Every structure is written in C-alpha cells, then in structure tokens.
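These are the residues of each chain, in order.
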Amino acid sequence: MEIPDRIMEEMKDLIPGLEGTDDWMILKKLLLRSIPSNLRTLFSTRHPKTKKQSLNDFELRLIDEYKSMTGVLLVLK
C-alpha cells in the first residue's frame, strides 16, 4: 500500500519532536490530529470490546518508513 504524500510530509515534520521515544501511539495521535479526515480512515481503530489497539498493514508500512528515516523502530506498547 502506498503512503499518501500528505501523511509522509506530516511525519517528516513530526520527527524532530519525537526524539527519545519509540512509542507508536504518540506518532499516531499526532498524525491523526494533523491530517484530513479522509486520510484518517487508513489507520486502525480499537477493538470494540477489549479496546486494545492493533496494527493494520498501512500502519506497519508507516512504522517501516519511520525506521528507515530515523533508525528508530516504533512499537505498540
């Protein structure tokens, strides 16, 4: 799946403020606040009963892209 340019631009802008963290949810929350609603549908939602987060293929691709840009592997804690 191709990552939209708008999301890549926002992620690049957020990288300096994320130094020292490897928490995926911090990046996800910041991205969701900064992108249009039509792009938010690419991200996963919480499980309706357990409320636990899970990663979809798009988010795994974003994590790989972030690692190639920064050398930091983001994890879902």
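Everything in this summary refers to the structure shown in the same document. Position numbers for residues start from 1 in each chain and track the written sequence from start to end. With pLDDT at 70 or above as the cut-off, local features in this predicted model cover only qualifying residues; side-chain atom pairs require 80 or more to be listed or tallied, and sums for whole chains, interfaces and linings still use all residues. For side-chain calculations, the full set of non-hydrogen atoms in the structure is used, while hydrogens and water are omitted.

### Some words on the overall build of the protein chain
Worth spelling out the cut-off: Numbered from the N terminus, helices here are DSSP runs of H or I no shorter than four residues, and strands are runs of E no shorter than two. All radius of gyration figures rest on C-alpha atoms, and the globule criterion is 2.2 Å times the number of residues raised to 0.38. By definition, residues are in contact when any of their heavy atoms lie within 4.5 Å. Here the open area of atoms and residues is found with the Shrake-Rupley method and a 1.4 Å probe, where only the protein chains shown may cover a residue. Asp and Glu count as negative and Lys and Arg as positive, but His and the ends of the chain are not part of the count. Positions of charges follow a simple convention, taking NZ of Lys, CZ of Arg, CG of Asp or CD of Glu.
Assigned secondary structure in the protein chain consists of four helices and zero strands. Beginning at the N terminus, the succession of helices and strands in the protein chain can be written as α-α-α-α. Rg of the C-alpha trace for the protein chain: 12 Å, near the compact-globule value of 11 Å for 77 residues, within the 12% margin. A fraction of 61% describes how many contacts in the protein chain between residues 6 or more apart in sequence connect residues 24 or more apart. Carbon and sulfur atoms make up 50% of the accessible area of the protein chain, which amounts to about 5,100 Å² in all. Seen as two clouds, the 13 positive and the 12 negative side-chain charges of the protein chain have centres 11 Å apart.

### Things to note about the packing of aromatic side chains
We apply this condition: For this analysis, a ring pair means two rings from Phe, Tyr or Trp (six-membered ring only for Trp) whose centres lie within 6.5 Å, classed as stacked if their planes differ by under 30 degrees, edge-to-face if by over 60, and tilted for the remaining angles. Each residue gets one of three labels from its accessible area relative to the maximum for its type: buried under 20%, exposed over 50%, partly exposed in between, using a 1.4 Å probe on protein chains only.
One pass over the full model with this rule turns up one aromatic pair. Ring centres of Phe43 and Phe58 lie 5.3 Å apart, and the angle between their planes is 85 degrees; on these two criteria the pair is classed as edge-to-face. Note that Phe43 is positioned in the loop between α3 (37–40) and α4 (57–70) and Phe58 in helix α4, a separation of 15 residues in sequence. Exposure class is identical for Phe43 and Phe58. Each is buried.

### What to know about the side chain of Lys28
Mapped onto the elements, Lys28 comes out in helix α2 (residues 24–34). Among all residues touching Lys28, those that are not within four sequence positions of it are Phe43, Ser44, Gln53 and Glu59.

### Examining a nonpolar patch on the surface
Put simply, the rule reads: Distance thresholds for patches are 9 Å for like charges and 5 Å for nonpolar side chains (Val, Leu, Ile, Met, Phe, Trp, Tyr), applied to residues having over 30% relative accessible area and no salt bridge. The term salt bridge refers to a side-chain nitrogen of Lys or Arg lying within 4 Å of a carboxyl oxygen of Asp or Glu.
A surface patch of nonpolar side chains, amounting to about 200 Å² of accessible area, comprises Leu55, Leu60 and Leu76. Here Leu55 lies in the loop between α3 and α4.

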